[in-house]
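Geometric and topological summary
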Amino acid sequence: MATRSWGYAAFAYGLVAALFALATIVYAIGFLANAVVPKSVDAGVIHSFGDPLVVNVVLLGLFGFQHSLMARPWFKERWTRLVPEPVERSTYVLFSGLALGVLMWGWRPLSGVVWQVDGELALFLWVAYLGGWGLLFAAVFMIDMPDLFGLRQVNGFLHGRELEPLDFQTPLLYRYVRHPIMTGFLIIFWVTPQMTVSRLLFAAVGTAYILVGVTLEQRDLVESFGDQYRSYRSEVPMFVPRPWRSFSISTDEIDDD
């Protein structure tokens, strides 16, 4: 009975963590678009360079540090000595949501506009921006979304099931680019009808984090899957597809950070 109670508690914790993280991601859509939400990348008191620049870079750095550190296998191995293994992923998801929430809450807008376009081109760029989010969510759904958000783990614990490690696979988008989630983020960061200095800073530091995070992730994937992943990496581009070529493999799962 006690084990069952712990199972329900773990599942409730995982569900709350997943919903909270999803809510911060949805908020980020409006945050970067300067639309709908009360606090956005350019909303609020406009600052000049100096301390606000440092604050923003620190906030972005803290998000990137948490996101990558807690995703490393060696950290997970040590972390699960303190956090029960069934809720390890949910805790990562919760901390990621908190880090993103703090980033958006503490963000300080900077003055200046780098470019601005209007008319039909602006409409096209807005559609492309939303398309970047669509690509991101599609790529998440193509891999094991419940596993990515920690729900597979807590559900397995609730029902007393031993979970098999996910295998390596290349579903749909993953046959054309190795990191379609990150491709979506790059579109989100850079495609906009109005690039302000604030957004440029967010995009530049965010892109740098993606490059570092993907490098770390690929190292982990090579350690996990060896030649299987090396072959995949040699044939499939990182972010930009080559539509005339695709990769076919009869295995099971890729996990983006």
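In what follows, the accompanying structure is described. Note that the coordinates shown come from a computational prediction; the quantities given were computed from them, not determined experimentally. (Residues numbered from 1 in each chain as written. Predicted model: local features only at pLDDT ≥ 70, side-chain atom pairs only at ≥ 80, totals over all residues. Heavy atoms only, no water.)

**Structural notes on the packing of aromatic side chains**
Basically, it comes down to this: Centre distance within 6.5 Å is the pairing criterion for rings of Phe, Tyr and Trp, where only the six-membered ring of Trp is used; planes under 30 degrees apart are then read as stacked, over 60 as edge-to-face, and the remainder as tilted. Helical segments are the DSSP runs of H or I of at least four residues, strand segments are the runs of E of at least two, and each set is numbered from the N terminus. Summary of the burial criterion: residues with accessible area below 20% of their type's maximum are buried, those above 50% are exposed, and those between are partly exposed, where the area comes from a 1.4 Å probe applied to protein chains only.
According to the stated counting rule, one finds 16 aromatic pairs in the structure shown. Seen from their ring centres, Phe-63 and Tyr-209 are 6.2 Å apart, and the 70 degrees between their planes marks the pair as edge-to-face. Placement of the pair is Phe-63 in helix α2 (residues 51–69) and Tyr-209 in helix α9 (residues 197–225), with a sequence separation of 146 residues. For the pair Phe-63 and Tyr-209, a shared accessibility class is recorded, and that class is buried. Seen from their ring centres, Trp-126 and Tyr-129 are 5.9 Å apart, and the 85 degrees between their planes marks the pair as edge-to-face. Highlighted residues: Trp-126 and Tyr-129, both in helix α5 (residues 119–142), separated by three residues, approximately one helical turn. Judged by relative accessible area, Trp-126 falls into the partly exposed class, the value being 33%. What links up through ring pairs into an aromatic cluster is the set Phe-31, Trp-107, Trp-126, Tyr-129, Trp-133, Phe-137, Phe-185, Phe-189 and Phe-202.

**Things to note about the environment of Asp-118**
In this structure, Asp-118 sits in the loop between β1 (113–116) and α5. Separated by 51 residues in sequence, Asp-118 and Gln-169 place their C-alpha atoms 42 Å apart.

**Considering unusual backbone geometry**
Phi is positive for Asn-34, close to 55 degrees, though the residue is something other than glycine. Position of Asn-34 relative to the elements: it lies in the loop between α1 (2–33) and α2. Positive phi is not limited to glycine here, since Val-36 has a value of about 75 degrees. Assignment of secondary structure puts Val-36 in the loop between α1 and α2. A residue is classified by how much of its surface remains accessible, and Val-36, at 87% relative accessible area, is exposed.

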